[in-house]
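Architecture and fold: a report
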Amino acid sequence: MIDLAIIGGGPAGQAAAEQAAAAGLSVAVFDEQPRPGGQIARQPPAGFTVPDWLAGRAYAEVRAQLARFEGLGGVAWHGGTAVAGLAAGADGFRLTVVTPDGAERVAARRVLVAAGCYDLPVPLPGWTLPGVMSAGAAQAFVKSQRIVPGGRFVLAGTHPLMLVVAAQIVESGGVVAAVMFDQPLGRCVARALADPLTIVRHAGLFVDAAAARRVLARAGVPVRFGRPLAAVEGSEAVAAARFADGSIMACDRVALCYGFVPQADLPRQAGATVRWQAVAGGWATAHDAWMETDRPGLFVAGETTGVGGAAIALCEGRLAGIGIARSLGRLDDAAAAGLARATRRRHARLSGFARMLAAIADPAEVLARVPPADTILCRCEDVTHAEIDAVLATATAPNAVKLATRCGMGVCQGRMCEGALLRRIAAADGTAPGAAGGFTARFPARLVPIDLLCGLDDVSAEAVAD
Amino acid sequence: MLIVEAAHANAGASGQNAGSLHFQIERRFLEQGEAKAAEAAAITGLSRMAVDDWRGLEQALGADLHVHMHGGLMVAETADEVAMLERKAARERAAGLSAELVDGAELRRIAPYLSERVIAANHMADEGHADPRAVTPAFVAAARAAGAVLAERTRVTAIARRAGGFAVTLAGAGAGTVQADQLLIAAGVWSAGVGALANVHLPLFPVALQMNVTERVAPFLPHLIQHVGRRLSMKQAHAGNVLIGGGWPSRMAAGDGRFDLSRRPELLAPSLAGNLAVATAVLPHVGGLNLIRSWTGTTAITADQYPLVGAVPCAPGLFVAAGGSAFTLGPTFARLIAAQMAGGGAAAEAKAALAIAAPARFDHLNSFMGG
Ligand SMILES: Cc1cc2nc3c(=O)[nH]c(=O)nc-3n(C[C@H](O)[C@H](O)[C@H](O)COP(=O)(O)OP(=O)(O)OC[C@H]3O[C@@H](n4cnc5c(N)ncnc54)[C@H](O)[C@@H]3O)c2cc1C
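Because the structure is predicted, anything quoted here is derived from the model rather than measured.

**Focus on the overall build of chain B**
Along the backbone of chain B there are ten helices and 20 strands. In summary, chain B has a C-alpha radius of gyration of 21 Å against a globular reference of 21 Å for 371 residues, a match within 12%. The C-alpha extent of chain B, read off along each of the three principal axes, is 65 × 45 × 40 Å. For chain B, with 371 residues in total, the buried portion stands at 53%. In chain B, 72% of the contacts between residues at least 6 apart in sequence involve partners at least 24 apart. Here chain B contributes 30 positive and 30 negative side-chain charges, whose respective centroids are spaced 5 Å apart.

**A look at the overall build of chain A**
Looking only at helices and strands, one finds 16 helices and 22 strands in chain A. Over its C-alpha trace chain A gives a radius of gyration of 22 Å, about what one expects of a compact globule, namely 23 Å for 466 residues. Along the first, second and third principal axes, the C-alpha set of chain A runs to 65 × 50 × 45 Å. Buried positions account for 56% of the 466 residues belonging to chain A. By sequence separation, contacts in chain A at least 24 residues apart represent 67% of the contacts at least 6 residues apart. When the accessible surface of chain A is summed, it comes to about 18100 Å², and 56% of that surface belongs to carbon and sulfur atoms. Charge separation in chain A, taken as the distance between the mean sites of 43 positive and 41 negative side-chain charges, equals 8 Å.

**Section: the sheet that holds strand β11 (residues 223-224) of chain A**
All names here are of chain A. Across the sheet, which stays open at both edges, the five strands sit in the order β8-β15-β9-β10-β11 with parallel pairing between neighbours. Edge positions in the open sheet fall to β8 (132-134) and β11, since each of these has one partner strand only. Here five bridges tie strand β9 (residues 152-157) to strand β15 (residues 253-257), and the two strands are oriented parallel to one another. Counterpart to valine 154 in the pairing with β15 is valine 254.

**What about the state of the cysteines?**
Enumeration over the complete set of coordinates arrives at zero disulfides over all chains. Cysteine 417 of chain A provides the cysteine sulfur closest to cysteine 407 of chain A, a residue in no disulfide bond, and the two sulfurs are 3.8 Å apart.

**Examining the sheet that holds strand β10 (residues 176-180) of chain B**
All names here are of chain B. An order of β8-β9-β10 is seen for the three strands of this open sheet, with the pairing classed as antiparallel. Both edges of this open sheet fall to β8 (154-162) and β10, since each of them pairs with a single strand only. Mean inter-strand twist for the sheet, computed between neighbouring axes without regard to direction, equals 25 degrees. Bridging between strand β9 (residues 165-172) and β10 involves five bridges; their strand directions are antiparallel. Across the sheet, the residue bridging to alanine 167 is glutamine 179, located in β10.

**So, the pairing of strand β12 (residues 229-233) of chain A**
Residues and elements named next belong to chain A. Strand direction decides the pairing type here: β12 and strand β13 (residues 240-243), joined by four bridges, are antiparallel. Opposite valine 232, over in β13, you have alanine 241 as the bridge partner. What sits between β12 and β13 in their antiparallel hairpin is a turn of six residues, with glycine 234 showing a positive phi close to 150 degrees.

**Regarding empty space enclosed by the protein**
All names here are of chain A. One pass over the structure, following the stated rule, counts four cavities of 30 Å³ or more. In this structure, the largest cavity spans a volume of roughly 340 Å³. What lines the largest cavity is a set of 30 residues, and nearest its centre among them are Tyr118, Arg268, Gly414, Arg415 and Glu418. Elements supplying a minimum of two residues to the lining of the largest cavity: β16 (260-262), α8 (265-269) and α14 (418-429). Sort the elements by how many residues they give to the lining of the largest cavity and α14 lands first, with four residues.

**Quick look at the packing of helix α12 (residues 385-392) of chain A against α14 of chain A**
Residue and element names in this part refer to chain A. As a packed pair, α12 and α14 sit with axes 11 Å apart at the nearest point and diverge in direction by 45 degrees. In terms of orientation, α12 and α14 fall into the oblique class. Note on packing geometry: the crossing formed by α12 with α14 is right-handed. Residues His385, Ile388, Asp389 and Leu392 of α12 lie in contact with α14, whose contacting residues are Leu421, Arg424, Ile425 and Ala428. For the contact of α12 with α14, a count of residues per class yields five nonpolar, one polar and two charged.

**What about the pattern of salt bridges?**
Enumeration according to the criterion identifies 26 salt bridges over all chains in this entry. Arginine 335 of chain B is the salt-bridge partner of aspartate 53 of chain B, the closest N and O atoms lying 2.9 Å from each other. Within this pair, whereas aspartate 53 of chain B is found in helix α3 (residues 44-61), its partner arginine 335 of chain B is found in helix α9 (residues 330-342), the two being separated by 282 residues in sequence. Because the salt bridges share partners, they merge into one network encompassing Glu32, Asp265, Arg415 and Arg446 of chain A.

**What about the interface of chain A and chain B?**
In this complex, chain A contributes 35 residues to the contact, which on the side of chain B involves 33 residues. Joining chain A to chain B, the criterion identifies one salt bridge. Linking chain A with chain B are eleven residue pairs in polar contact (both at pLDDT 80 or more), by the criterion used here. Every element with two or more residues in the side of chain A that touches chain B is listed here: α8, α13 (398-405), β22 (448-449), α15 (450-454) and α16 (457-465) of chain A. Looking at side-chain class alone, the side of chain A that touches chain B contains 19 nonpolar, eight polar and eight charged residues. Judged from the two bridges that link them, β22 of chain A and strand β18 (residues 290-302) of chain B form a sheet pairing that is antiparallel. Bridge pairing links proline 449 of chain A to asparagine 290 of chain B in β18 of chain B.

**Observations regarding the pairing of strand β12 (residues 204-216) of chain B**
Residue and element names in this part refer to chain B. Where β12 lies against β18, eleven bridges are found, and the strand directions are antiparallel. By the bridge assignment, leucine 204 is partnered in β18 with threonine 302. Where β12 meets strand β15 (residues 241-245), three bridges bridge the pair, whose relative direction is antiparallel. Looking at β15, one finds that asparagine 212 is bridged to isoleucine 244.

**Observations regarding the site of the ligand**
Residues and elements named next belong to chain B. As a structural note, the neighbourhood of the ligand is formed by 31 residues, with Glu5, Ala13, Ser14, Gly324 and Thr328 the closest of them. With respect to the ligand, the backbone of serine 325 contributes an N or O atom lying 3.2 Å from an oxygen atom. About the coverage of the ligand: the protein hides 88% of its 1000 Å² of free accessible area. Secondary structure elements with two or more residues in the shell around the ligand: β8, β12 and β18. For the shell around the ligand, a count of residues per class yields 14 nonpolar, 15 polar and two charged.

**Looking at the environment of alanine 210 of chain A**
Within the secondary structure, alanine 210 of chain A is located in helix α7 (residues 203-218). Judged by relative accessible area, which is 35%, alanine 210 of chain A ranks as partly exposed.

**Comments concerning the nonpolar core**
Core analysis: the biggest nonpolar cluster contains 47 residues, and Leu21, Phe23, Leu46, Trp54 and Leu65 of chain B have the highest contact counts within it. Among the elements that take part in this core, α3 of chain B stands out by supplying six residues, more than any other. Contact partners of leucine 65 of chain B, with chain neighbours within four places excluded, come to Leu57, Glu58, Ala130, Asp131, Ala134, Val135 and Ala138 of chain B. Of all hydrophobic cores here, the second largest spans 37 residues; its members include Val98 and Ala103 of chain A together with Ala273 and Leu291 of chain B.

**Concerning the packing of aromatic side chains**
All names here are of chain A. Inspection of every chain in the model, using the stated rule, returns five aromatic pairs over all chains. Between the aromatic rings of phenylalanine 181 and phenylalanine 225, the centroid separation amounts to 4.6 Å while the plane-to-plane angle is 10 degrees, which identifies the pairing as stacked. Residue phenylalanine 181 is found in strand β10 (residues 175-181), and its partner phenylalanine 225 is found in the loop between β11 and β12; the two are separated by 44 residues along the sequence. Given the relative accessible area of 22%, phenylalanine 225 is considered partly exposed.

Parameters and conventions
- Residues numbered from 1 in each chain as written.
- Chains lettered and ligands numbered in written order.
- Predicted model: local features only at pLDDT ≥ 70, side-chain atom pairs only at ≥ 80, totals over all residues.
- Heavy atoms only, no water.
- Helix = DSSP H or I, 4+ residues; strand = E, 2+ residues; numbered from the N terminus.
- Rg over C-alpha atoms; globule rule 2.2 N^0.38 Å.
- Buried < 20%, exposed > 50% of the residue type's maximum accessible area, 1.4 Å probe, protein only.
- Contact = heavy atoms within 4.5 Å.
- Lys, Arg positive; Asp, Glu negative; His and termini not counted.
- Charge placed at Lys NZ, Arg CZ, Asp CG, Glu CD.
- Areas by Shrake-Rupley, 256 points an atom, 1.4 Å probe, with all protein chains shown as cover.
- Pairing = 2+ DSSP bridges.
- Disulfide = S-S within 2.5 Å.
- Axes fitted to C-alpha atoms, helices over the stretch in contact; angles between N-to-C directions.
- 1 Å grid on protein atoms, 1.4 Å probe; cavity = no way out; pocket = protein on both sides within 12 Å on 5 of 7 lines; lining within 4 Å.
- Points joined across faces, edges and corners; volume = space filled by probe spheres on them.
- Parallel < 35°, antiparallel > 145°, perpendicular 65-115°, else oblique.
- Left-handed = near helix turned anticlockwise from the far one by under 90°.
- Nonpolar A, V, L, I, M, F, W, Y, C, P; charged D, E, K, R; others polar.
- Salt bridge = Lys/Arg side-chain N within 4 Å of Asp/Glu carboxyl O.
- Polar contact = N/O pair within 3.5 Å; in protein donor to acceptor, adjacent residues only side chain to side chain.
- Near = heavy atom within 4 Å.
- Core = buried A, V, L, I, M, F, W, Y, C linked by side-chain atoms within 4.5 Å.
- Phe/Tyr/Trp six-rings, centres within 6.5 Å; stacked < 30°, edge-to-face > 60°.

Purely spatial values, then, with no claim about function.
As structure tokens, then:
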């Protein structure tokens, strides 16, 4: 049995691994990506070199962390490995881990879930057409191999990250037709200016955003504000983006960027308490000052606890790593508190910036709009808003609506539709989204070929014994 | 008629089960020796009625329940298992249910998708499956149309037995006290607890099972598949997903000296691997499909494995309908218990049909309960 299994090789997971390894723990890190980095520092595949990879200032700290992580001894890196199951056992946890050619069960005394976030899905007419993607997915292509998926992009949403993604597309030789912010510029400025001190403290990030805007200006890419996307049009694939003011823009890729929701399926599967994240939604895993959940031995860090950005994730990973070493008796309280002091101060400072960014990117207005009744809400099972509303007249428990409509029963396990459904339920019965909980989180967190699971026989014999 | 439901209609086992319509004598009756198997043939009387009930159910309820009755195969991989199938089929034939043994070329013709390891099967033409998502809501709609009231998010918290009836205390959305001439406890795995409120022992034991479902694929499996020697039930649901189960256990939470039915049972890794291994051994194609979800659910069984459906002798006016494979047999239980409670001409016949399930067989447990 290993001391610590970390799920997620982004900044949070790396920082935790560094602290835990320094305290002498045996550590294994699992990530679906082949190489460490997480979303923000997604690395090119080994053997590729990408000029100016992650050159921006905001990435400096993340790059330094990555370099330290890759130099660590005593940490086993398991890339290309999805963790599909997490269950508490008598003296620790059991993970079901899956690679393309096998599944395995791994026992660990402590588990850290640092699984990051994913793009907030916003159901609008045409969002299921081939060619519509999340900005995160567009960026993943660009960051890893600088291959630009397709021709002419429109970026639409509320999140300033759109500027960075658009600039990255342009720099990789792609064509961006426009960057269309849903909210008016005045609102962004007002919310930023509400906290000028924070702007000064995090000037680096604003410099990056400004640099991105310069790239776009040089390439002649218009950046517009107050232009809500109404629908994506096309019969077989994306042909155009239609905006609320009636204007239509021809394109063959639409990247949506309305914010991010925490990836918390594993903590939920293990029974940890989660809370609905304000505005953008999604389940943020609750934790104490050492990042431990209410399932003893299960820790969380980074965006699994709520979306706050890479720098906060790094702090939380560090705190979790120290907290885990402490919980295993490798650090006493005083030593742990000493190690954590500076990180706690930094975390508090960064939180101000995270709050400001969330205020600027606030998708509340977008989420409050009711799309046309025939708009698909659950894309795996093709369930429309109208079908959901018909059931909401008599049943509003999330699992009841799921059973009645199949919404959330598909291959994504509800990742794409749960938030939208919970918002519909809240609107129907006048409660807050998530007030009555969500879908029951079930095994597996990722699709697994049945053949691989049959092969778990041997290890499961051990599971019976303990 | 008032239906009291603590959560929402279909929240319990009826919305979580495998949806099998199995009429062959179940494997659980066959794995306990010949004496039990012989005795269990009595259940086939109810199965025969259930075949007819399911054939007419969509029309009776005026709803699409995705009833597929295209036949079921209970498969065997060894000579011993084939012998079990032969004995079972003989018993079924004697009881008026026709299961035929198929093997060789005939088996391959009926079910070309089965692996070479399967050497024979009992084929029963009426078996199949239906959609648990659709059945309970259709019954709810029909009951409402007939004048029944459904009180959801309403829990029975006390039952006082009065001369000629019951005073039932309700909490939640429909809080209050209602008077009833007769009371039917049909609370699934929670029925024993509701019985306690009426001061009677209902000997039902909770068991937690787990189920698995694959992604949706094009139709390739028209039959219900079961196994005579190993735990397996498998079918392709209407939507295209393959459901894999067959009585593999999950683990109930326990606390306070008893099983805690309010908590979700925990998935057991050996059950998961074991169930999927049997499924792929019988139907190799399934191995290439993706598992999208495994879930757990709780159902109730009795000490002798037969259902518990009928009048509770020590408490006049009190009835129970619980236990057993009550997706397959549920509509039949419902029809018979309703006839029995309504009294009149059909009551005696209904009571006779339910003889094997009569609560009277356990009435000795209530001989110290003080009425
Ligand atoms: C995983 C699984 C697979 C199965 N597969 C099959 C199959 O393939 N074929 C088959 O025939 N059978 C199958 N079964 C069994 C079948 O599902 C059950 O026998 C059947 O659904 C029971 O129906 P019921 O109405 O008695 O109970 P339930 O459907 O459990 O309903 C009981 C209801 O009572 C309510 N309740 C409880 N306490 C109170 C209270 N105090 N006040 C008010 N309401 C209360 C609950 O909320 C619940 O909705 C399976 C069961 C499981 C768990």
